[in-house]
Amino acid sequence: MTDCRLNLRPLGTPRGVSSVAGPHGVGASPGDKKSKNKSARGKKKSVFETYMSKEDVSEGLKRGTLIQDGDRDIFIDGVVARNRALNGDLVVVKLLPEEQWKVIKPESSDKETEGAYELDLPEELCGSHLPQQSMKGYNDSPDVIIEAQFDDSDSEDGHSSTQNVLVDGVKKLSVCVHDKGKEDADALVTKEESTSTSQDTRASPEKSLQRSAKVVYISEKKHSRAATGFLKLLADKNSELFRKYALFSPSDHRVPRIYVPLKDCPQDFVTRPKDYANTLFICRIVDWKEDSNFALGQLAKSLGQAGEIEPETEGILTEYGVDFSDFSSEVLDCLPQGLPWTIPPEEFSKRRDLRKDCIFTIDPSTARDLDDALSCKPLADGNFEVGVHIADVSYFVPEGSPLDKVAAERATSVYLVQKVVPMLPRLLCEELCSLHPMSDKLTFSVIWTLTPEGKILGEWFGRTIIRSCTKLSYEHAQSMIESPTEKIPEEELPPISPEHTSEEVHRAVLNLHKIAKELRKQRFVDGALRLDQLKLAFTLDHETGLPQGCHIYEYRDSNKLVEEFMLLANMAVAHKTHRTFPERALLRRHPPPQTKMLNDLMEFCDQMGLPMDFSSAGALNKSLTETFGDDKYSLARKEVLTNMCSRPMQMALYFCSGVLQDQAQFRHYALNVPLYTHFTSPIRRFADVLVHRLLAAALGYRELPDMEPDTLQKQADHCNDRRMASKRVQELSTGLFFAILVKESGPLESEAMVLGVLNQAFDVLVLRYGVQKRIYCNALPLRSHHFQRVGKKPELTLVWEPEDMEQEPVRQVRSRGWGSFSRVPLCACPPQFFVSPPLASWGAVATPPLLSLLLPTQCMPQHLGSPVGFQIPHEETSTAHPHHLLWARAFLYCLPCPGDTHCGRNGGPWGALPIPLKQGFNFWGPFKNLRKTVDPPTQDLVSNGVHLWHALKASPTPQFLAP
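In this convention, every chain numbers its residues from 1, walking through the sequence in written order. Confidence filtering applies because this is a predicted model: local features only for residues at pLDDT of at least 70, side-chain atom pairs given and counted only at 80 or more, and all residues used for totals across whole chains, interfaces and linings. With hydrogens and water stripped out, all remaining heavy atoms of the structure feed into the side-chain values.

S.K.: Sorry, what's going on with the side chain of Ser375 here?
M.R.: Here Ser375 is to be found in strand β15 (residues 372-378). Using a 1.4 Å probe on the protein chains alone, a residue whose accessible area is under 20% of its type maximum counts as buried, one over 50% counts as exposed, and one in between counts as partly exposed. Accessibility expressed as a relative area gives 9% for Ser375, which makes it buried. Here the side chain of Ser375 touches His389 through a polar contact of 2.9 Å, side chain to side chain. Residues are treated as being in contact if the distance between any of their heavy atoms lies within 4.5 Å. Those residues within four positions of Ser375 in sequence are excluded, and the remaining contacts are Cys358, Ile359, Glu385, Val386, Gly387, His389 and Leu512. Secondary structure elements follow DSSP: runs of H or I of four or more residues count as helices, runs of E of two or more count as strands, with numbering from the N terminus. Between N or O atoms, a polar contact is any pair within 3.5 Å; within protein, one atom must be a potential hydrogen donor and the other a potential acceptor, and residues adjacent in sequence are included only when both atoms are from side chains.

S.K.: Would you explain the sheet that holds β15 in this entry?
M.R.: Two modes of strand pairing occur in sheets, parallel and antiparallel, and in both the strands are linked by backbone hydrogen bonds. Here, a strand pair is defined by DSSP locating no fewer than two bridges between the strands. The seven strands are arranged β13-β20-β19-β16-β15-β14-β21 in an open sheet whose pairing can be described as mixed. Both outer strands of the open sheet, β13 (352-353) and β21 (470-473), are each paired with one neighbouring strand and no more. Here β15 pairs with strand β16 (residues 384-391) via seven bridges, running antiparallel. Across the sheet, the residue bridging to Asp372 is Ile390, located in β16. In the packing of helix α9 (residues 474-482) onto the sheet, the strands contacted are β14 (359-363) and β21, and the crossing angle to β21 comes to about 80°. On top of the sheet, helix α15 (residues 686-698) reaches β16, β19 (440-450) and β20 (456-467); it is set at about 70° to β19, its chief contact. Helix axes are fitted only over the stretch in contact, all axes being lines through C-alpha atoms; the angle between N-to-C directions runs from 0 to 180 degrees.

S.K.: Help me out: how do you make sense of the UniProt feature "binding site: Mg(2+)" (unreviewed entry) in the protein chain in this one?
M.R.: UniProt positions are given in the numbering used here, feature names are shortened, and annotations may be inferred rather than shown by experiment. The sites that carry the UniProt feature "binding site: Mg(2+)" (unreviewed entry) are, in the present numbering, Asp363 and Asp372. Judged by its relative accessible area of 0%, Asp363 falls in the buried class. Tracing the chain through its elements places Asp372 in strand β15.

S.K.: For this particular structure, what's the right way to read the packing of helix α4 (residues 309-319) against helix α16 (residues 709-745)?
M.R.: To describe two helices that pack against each other, one gives the angle between their axes and the distance between the axes. Look at α4 against α16: their axes get within 10 Å of each other, and the N-to-C directions meet at 160°. The angle between the axes of α4 and α16 places the two elements in the roughly antiparallel class. Like other packed secondary-structure pairs, α4 and α16 cross with a definite hand, here right-handed. Contact residues: Ile309, Glu312, Thr313, Ile316 and Leu317 in α4; Val729, Leu732, Ser733, Leu736, Phe737 and Ile740 in α16. When grouped by side-chain class, the residues that make up the contact of α4 with α16 number eight nonpolar, two polar and one charged. Every angle not falling under 35 degrees, over 145, or within 65 to 115 is termed oblique; those three ranges are roughly parallel, roughly antiparallel and roughly perpendicular. Two helices crossing with the near one rotated counterclockwise from the far one by less than a right angle form a left-handed crossing, whereas a clockwise rotation gives a right-handed crossing. Residues are sorted three ways: Asp, Glu, Lys and Arg are charged, Ala, Val, Leu, Ile, Met, Phe, Trp, Tyr, Cys and Pro are nonpolar, and all the rest, Gly among them, are polar.

Laid out in C-alpha cells, this is it:
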C-alpha cells in the first residue's frame, strides 16, 4: 500500500490516469473538438440543453412526461445528460427514447462496479458509543466514522450514501455521480461513463435495458458548489481568455474545471505560476453557461500547501458545506451570561430530584460533551430501576432564537480525526449541558422497572435533576466487567463523590451489564441485524498533530452496555411521542435493502457455496453469525462478507410521521422494530433537540412546537442532508490521516483479501486496517492479464513477470471469492525426496512472486536452487508453473508430500506445490501429519483415503487433480 497521494485520487482512477478530464475538461462532449471553429462561424454551439421553466416542469410532472420521484432504475449517462447538475442535487429528468437506453451486459466493467468503497453504514447497524480522536498520544479512539459518543443510530441501518428526500412517501430523484470511485448507493445514480446504448438486445437474451434519462431541471442545488484544487495558467497564451482568466482544476473529478478571474488570483501568479503548483485553493462556482464545458467561478481562499492536515481539512469542510466559523455574538448572547451558572430554584419544583442516586457516565476517556448518564438501583423484589438520563439541551436553546436557528442549520456536530466542529457553542457542549461529575445538571430521563432478564415492568418519562457521582471511561467500565469479584484499586478509578463508593458503582455496572446482555440477546432473537465493520483509530503526536500509528478499534462489552440502554430509550421515546402526536412525531426509519443489489449478493453467495439467508434482517444476522468459525481466516472472510452485505443497505432517515401515510414504511429494518427515533444525543444532533421538545409537549411541560408536518419534514430532510455530509467529511478525514501515515511510514505491507474481480482490476480488503483498495492490472508487474466468466463467476488471470528473466512467467487466476494475495502460506516437500544427503534436513519452499511475499527472518533463503519443473498429470493453471524452489530452514506452513504411496505411483518424481491455506478451502487430500509451523494452520489436514493429488486450484471450491 504505497499510494499516498493526499489529493485522495478517486478510487476508480487507475494509476497514471488523471482524475480530471482531458484537454477539453470535465464534460467534454464529442462536439468539443469542433468548438474551436465556433467563433469563426460566428455562432457558439450549446453543450448543454437549456433548463425547462418552472411552469413547463410542473405541467410535465402532471402529464407524466417528466420524473421527479422515482426509483434507482434510471440511468443518467455522462456529463451532458447530467446537464450541469452536481453530486447530491435534486433534479427533474426526462426519459430518453427506448433505443437510447443503457444496455446492461453480464460482463463486469471496472466502471460499473467500482462502487463499493466508502460504505456509509448507519450507526445503529455497526457499533456505537465510540470515542473521538485525541491528540494526546494513544487512546482507544476509533476513526471519525464512529462519532464521539454512542451514536445510537449505529446499530440501526445498513449501508448507503444517500441524498434522498421523503416527499409523500416517495424518494426524490437525486443526482449522484461516482463519489471518489463509488456509486451513491441510495440515490438514482449518475455515472461518468460512456455506454453504448444502441445495440440490439434481442441478439443476446442475457442483455437487458435500463431506463435512461437526461436532466431538464434542478429543483434543489444541494451541492455546495465549492471545491478545492489547484490553479493553472491557460494553455493558449495568445488567447483573449489567457489575459482574463486562470484555470482551476478541482481535486474532485466530479466537479468541472472552472475559469476564475485573474484578479482573484495572487498578484504574481501569472509571472510565477510554479510557485503555486502545490498550493491548495478553494473556488466556488458562480455560473455554468450552456455553451461551455467549463464553469465560471470565484476564487475564495488560499488554504496552504496540499498534503498538510489543516489546509486539506479546511478544504474538505468547505466542499461539504460544513459551517466551522465562530459563533456570532448574536448567538452567544442567547447563552446564560452570569457565570458560573446555577440551576434556578423554580426548576427544582418542576423536576424529579435524583441528585442522591448513584448515577454515572460512561464515555471515551477524552470526551468533554457528556450527554448521557446511567443508573441502576436494585429493588427489594429482585428487579431493578434503571435510568437513562440525557442532558436537557432544549432548556438552553429557546425555540426560534438565533441559537436555535444556527443549531438547526448546522444540524449535527462533525467529528474529524483531530477535532470536532460543534453544533452548539462550547459553553453549552462542554460546560452547561455536559453531565460532568459532582455537579448539578438538568436532564430528561427515561426510567424503567426491569426484571433481571430485561423485561419491562414499568416506564416513566420526565424532566429531572441529577448529580453524576463519577465519570467512567469505557476502559474503567470494561475492567469492572472483566473483574466482577475483584475490587478495582482506587488509583485505577476516576474520583467518586463521597456519597457513593467504588463498590456501589461497580455493582451498578455489573447489573447493567447483565441486563444489557439479556436485552441484546433478545433483540437478535427478535430479528435485529448488526454489521460490524473494522474502524480505524489513530494515535496522534500531541505536538505536531501528525498520525504516529493506527489500529482497529475494539468494540467491547462496555460499549455494548451503553448501546443497549440508548437503543431502549430511543425506542421508548419514539412510541411515546407517536402515541401522543401521531401526525407530528419526528421518527427515524430504515428501509429494506435495495432489491437488485441484494439479488446480486444472493447470487454471489450461491456461487461461493455460502448458506446465507437474506429473507429478513434477523435471518441475515443469523447467517453471518453461524456461517463462519472463530479462526483468523474465518473472521477475515466474515469481515469481507459483512462488507458486501452492507452495500445493498439503505440509509436510515428522519421523517415526520404525518408525511408518510403507510405505517409499514415507518419500520426500522436493521433493528426490526416498528418505531424508532433519536433522543439520546441532543448536544450533537439537532433532531434529538426536536424530539426533546415533542416529548416535553407530550408530557405537558410545554405547548406542541409550532411546526406543521410539512415544516417538520423539511427540517428532517435538512438533518438527513447534513448527517450525510458529516459522514462523508469524517470518511475523508480518516482517508487524509491514513494517507499521511502511509507517506510518513513508508510502504505498508499487509494481508489483503480479494473482494471482487473486474476486467482490468480487482478489489481487496486490507485486513489489518479495514481499508478497501482497488488494484489495477496496469499498476502491477504483469506480462499479461485476461478476464473471463466461468459460468456467471468472473475470473481474472494474471501472468506475472518473473524476477529472473530466465524463468518462466508465473500464472495466477483470481476469481471473485476468498483469495488472499499477500503473506502467502508456503508448502514444503519432506527431505526424503531430495537425493543429495547433505540436504536431508532441508525442505523446499515454492515461491511464486505474488503481490507481497513476506518471510519471517528465520525463513530467509540460504541457497537458491535451480528451477525445477514438476510432472503434473493434468495441466495446472492456477499455481506457479514451473515452480522455482528456495531451500530454507523454516516455513510458514509445512505440509508433507503424500509420500511413496501416492507420489511414487505413476512414475513420479514429485515436488512441492504452494498450498494456499488462507484461501478458505476445505482440505481433504492425502495429508496426515503437519510439520511444526510458524503460524498455526486453519484446520487439521487428514486423509480421507481417496487417492487425490495435492495440486489445488485457486478458486473458492477445492479442485484436486487426480492422476
